[in-house]
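Structural overview for review
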Amino acid sequence: MSEAKPFCISKWEVWEAYKRVKANQGAAGVDEQTIADFEKNLKGNLYKIWNRMSSGSYFPPPVRTVKIPKANGGERKLGIPTVSDRIAQTVVKSRLEPEVDPLFHPDSYGYRPGKSALDAVGQARQRCWRYDWILDLDIKGFFDNIPQDLLIRAVKKHAKEPWMVFYIERWLQAAVQEEDGQLILREKGTPQGGVISPLLANLFLHYAFDRWMAKRYPMLPFERFADDAIVHCRTEQAAQEIRAAIAARFRECGLELHPEKTKVVYCKDDDRRRTYPNEKFDFLGYTFRPRRSKNRKEKFFINFSPGVSDTAVKAIRAEIRSWNLHLRSDKSIEDLSRMFNPIIRGWLQYYGRFYRSALYPPMRQLDRSLARWADRKYKKLRGHLRRATHWVARISRRDPKLWAHWQMGVQRGSMAGAV
């Protein structure tokens, strides 16, 4: 590397960052350049990033805004940086993350090496059995409202190189290009969708929430995944008090709790029998609520536990409908399984970890779609949906590995009753 460069960034770091960005794929930014386009002049493009970053002359282009529908209604704005900018952000993230991640709270789970959303759900499940109450937190427009001055103060505390700080400042201040082409300057927040944004969000909440909780309320455990968090309490009074305290803390840090979506919830089960307005909550695609469970002695009891949320089930059903299986009579059942099994496996691996039987209804819908497909494909089944349903059930017993969901017991009993 040339000694004339003021900042010590190696070409190897840029190459490693490119490999990570390529593995994650992602859409094109404002320049409409895809990863395939970027690779047409790979050596030149990577050199340009390295040369500008190591000389201090790298300035990020505007971030392209894409609106995506929220699961609970409304829209979320995602910021899509260009491929080059994602690589540059990854270079800085790769330097900053090893410095700050070891300092983070063990119950911060979002976008961290070796931690996952399912870890957070599992920990919350255990604690809901030990604590009668939880506070379900919702921060209003978190990513859009992070005060940049407080965030940069935290970055300066941990970034070893000055160039890391001013590149992060440039990314925070980069203009946003709306879908109509309008450029908007940003004075607060960090774009949701940027490579470095999750790490910056974790760093901000490490000081605004995690450390503050550990110092002020060490007796109240919590789980946090990015800006999604729940706090466990022994009593309703404690839950209401911590709600007020957290609201005040976030106001100090330039943030606001959503007044309707932030709520106190009673973890009702066989031993907790009082009535309360809120007896369920959603966390990371799971709904925690009283559920009928079976103990080791095969006796039923009511257990407060997580299962796939109604919102997630609705999204799964919509995805299955979008496949239009009944219109694919040109395909064999083996072709269809190859096409859709990766998606189904993803559902089962994530939503099937806890209270797996909550996935049975949408998986039965998939089998009904397969029955409709068989009804249209085979003359002997045409017009006889019940017969087509039994045909699918027979195939599932003969070859349970053909479709991923057939191995989870969806086909127990006659499918005819599910049609």
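Note: the structure precedes this text.
Residues numbered from 1 in each chain as written. Predicted model: local features only at pLDDT ≥ 70, side-chain atom pairs only at ≥ 80, totals over all residues. Heavy atoms only, no water.

1. Observations concerning helix 8 (residues 162–173)
- End to end, helix 8 covers 17 Å across 12 residues, agreeing with the expected 16 Å (1.5 Å per residue, within 8%).
- Residues of helix 8 that are buried include every one of Trp163, Met164, Val165, Tyr167, Ile168, Arg170, Trp171 and Leu172, and no others.
- Along its buried surface, helix 8 packs onto helix 3 (42–55), helix 4 (83–100), helix 7 (148–158) and helix 9 (197–216). (Helix = DSSP H or I, 4+ residues; strand = E, 2+ residues; numbered from the N terminus. Expected span 1.5 Å × (residues − 1). Buried < 20%, exposed > 50% of the residue type's maximum accessible area, 1.4 Å probe, protein only. Contact = heavy atoms within 4.5 Å.)

2. Observations concerning the pattern of salt bridges
- Overall, the coordinates contain 18 salt bridges when judged by the stated rule.
- Here Asp101 and Arg112 are joined by a salt bridge, their closest N and O atoms 2.8 Å apart. With Asp101 in the loop between helix 4 and helix 5 (117–130) and Arg112 in the loop between helix 4 and helix 5, this pair connects stretches of sequence that are 11 residues apart. Arg112 matches Asp101 in its accessibility class, with the two residues each being buried.
- It is possible to trace a salt-bridge network through shared partners that takes in Asp107, Arg127 and Glu223. (Salt bridge = Lys/Arg side-chain N within 4 Å of Asp/Glu carboxyl O.)

3. Quick notes on a positive patch on the surface
- On the surface, a cluster of positive charge is made up of Lys157, Arg211, Lys215 and Arg216.
- When residues in the positive patch are grouped by element, the largest group, three residues, is from helix 9.
- Residue position: Arg216 is located in helix 9.
- On the basis of relative accessible area, Arg216 is assigned to the exposed category, the value being 54%. (Patch = residues over 30% accessible without salt bridge, like charges linked within 9 Å, V, L, I, M, F, W, Y side chains within 5 Å. Areas by Shrake-Rupley, 256 points an atom, 1.4 Å probe, with all protein chains shown as cover. Lys, Arg positive; Asp, Glu negative; His and termini not counted. Charge placed at Lys NZ, Arg CZ, Asp CG, Glu CD.)

4. Things to note about the packing of aromatic side chains
- Under the criterion given, the structure shown has 27 aromatic pairs.
- Where Trp163 meets Tyr167, the ring centres are 6.3 Å apart and the plane angle is 65°; that geometry is what we call edge-to-face. With Trp163 and Tyr167 both in helix 8 and four residues apart, this pair spans about one turn of that helix. Here Trp163 and Tyr167 have matching classes, each one buried.
- Among the aromatic side chains, those forming a connected cluster through ring pairs are Phe7, Tyr58, Trp163, Phe166, Tyr167 and Trp171.
- A cation sits over an aromatic face here: Arg234 above Tyr131, 4.0 Å from the ring centre.
- When the ring centre of Tyr355 is taken as origin, the NZ or CZ atom of Arg291, which lies over that ring, is 5.1 Å away. (Phe/Tyr/Trp six-rings, centres within 6.5 Å; stacked < 30°, edge-to-face > 60°. Lys NZ or Arg CZ within 6 Å of the ring centre and 35° of its normal.)

5. Section: the packing of helix 9 against helix 10 (residues 236–252)
- Interaxial distance between helix 9 and helix 10 falls to 11 Å at its minimum, and their mutual angle equals 150°. Judged on the interaxial angle alone, helix 10 and helix 9 are roughly antiparallel. Helix-helix and strand crossings are classified by hand; for helix 9 and helix 10 the assignment is right-handed. In this structure, helix 9 contributes Leu205, Tyr207, Ala208, Phe209, Trp212 and Met213 to the contact, and helix 10 contributes Ile242, Ala245, Ile246, Arg249 and Phe250.
- Residue classes in the contact of helix 9 with helix 10 are distributed as 10 nonpolar, no polar and one charged. (Axes fitted to C-alpha atoms, helices over the stretch in contact; angles between N-to-C directions. Parallel < 35°, antiparallel > 145°, perpendicular 65-115°, else oblique. Left-handed = near helix turned anticlockwise from the far one by under 90°. Nonpolar A, V, L, I, M, F, W, Y, C, P; charged D, E, K, R; others polar.)

6. Things to note about the sheet that holds strand 5 (residues 183–184)
- Read across the open sheet, the four strands follow the order 2-1-4-5; overall the sheet is mixed. Two strands bound the open sheet, and with one partner strand each, they are strand 2 (75–80) and strand 5. (Pairing = 2+ DSSP bridges.)

7. Observations regarding the side chain of Gln365
- On the secondary structure map, Gln365 appears in helix 13 (residues 360–377).
- Accessibility expressed as a relative area gives 10% for Gln365, which makes it buried.
- In this view, Gln365 contacts Arg317, Ile320 and Arg321; residues no more than four positions away in its chain are not counted.

8. Side note on the environment of Ala245
- Its place among the elements puts Ala245 in helix 10.
- Taking C-alpha positions, Ala245 is 9.9 Å from Arg216, a pair spaced 29 residues apart along the chain.

9. A few points about unusual backbone geometry
- In this structure, Glu32 takes a positive phi of about 60° despite not being glycine.
- When you line up the elements, Glu32 lands in the loop between helix 1 (11–24) and helix 2 (35–39).
- Here the phi dihedral of Leu284 falls at roughly 55°; this positive angle occurs in a residue that is not glycine.
- Tracing the sequence through the fold places Leu284 in the loop between strand 9 (281–283) and strand 10 (286–294).

10. Comments concerning the pairing of strand 3 (residues 133–138)
- The element strand 3 is largely enclosed, with a buried count of five among its six residues.
- Alignment of strand 3 against strand 7 (residues 228–233), held across six bridges, turns out to be antiparallel. Bridge assignment links Asp136 to a residue of strand 7, and that residue is Ile230.

11. A word on the packing of helix 13 against helix 14 (residues 385–398)
- As a packed pair, helix 13 and helix 14 sit with axes 8 Å apart at the nearest point and diverge in direction by 115°. At the point where helix 13 passes helix 14, the crossing takes the right-handed sense. Contacts from Asp367, Leu370, Ala371, Arg372, Trp373, Ala374 and Asp375 in helix 13 reach Leu385, Ala388, Thr389, Trp391 and Val392 in helix 14.

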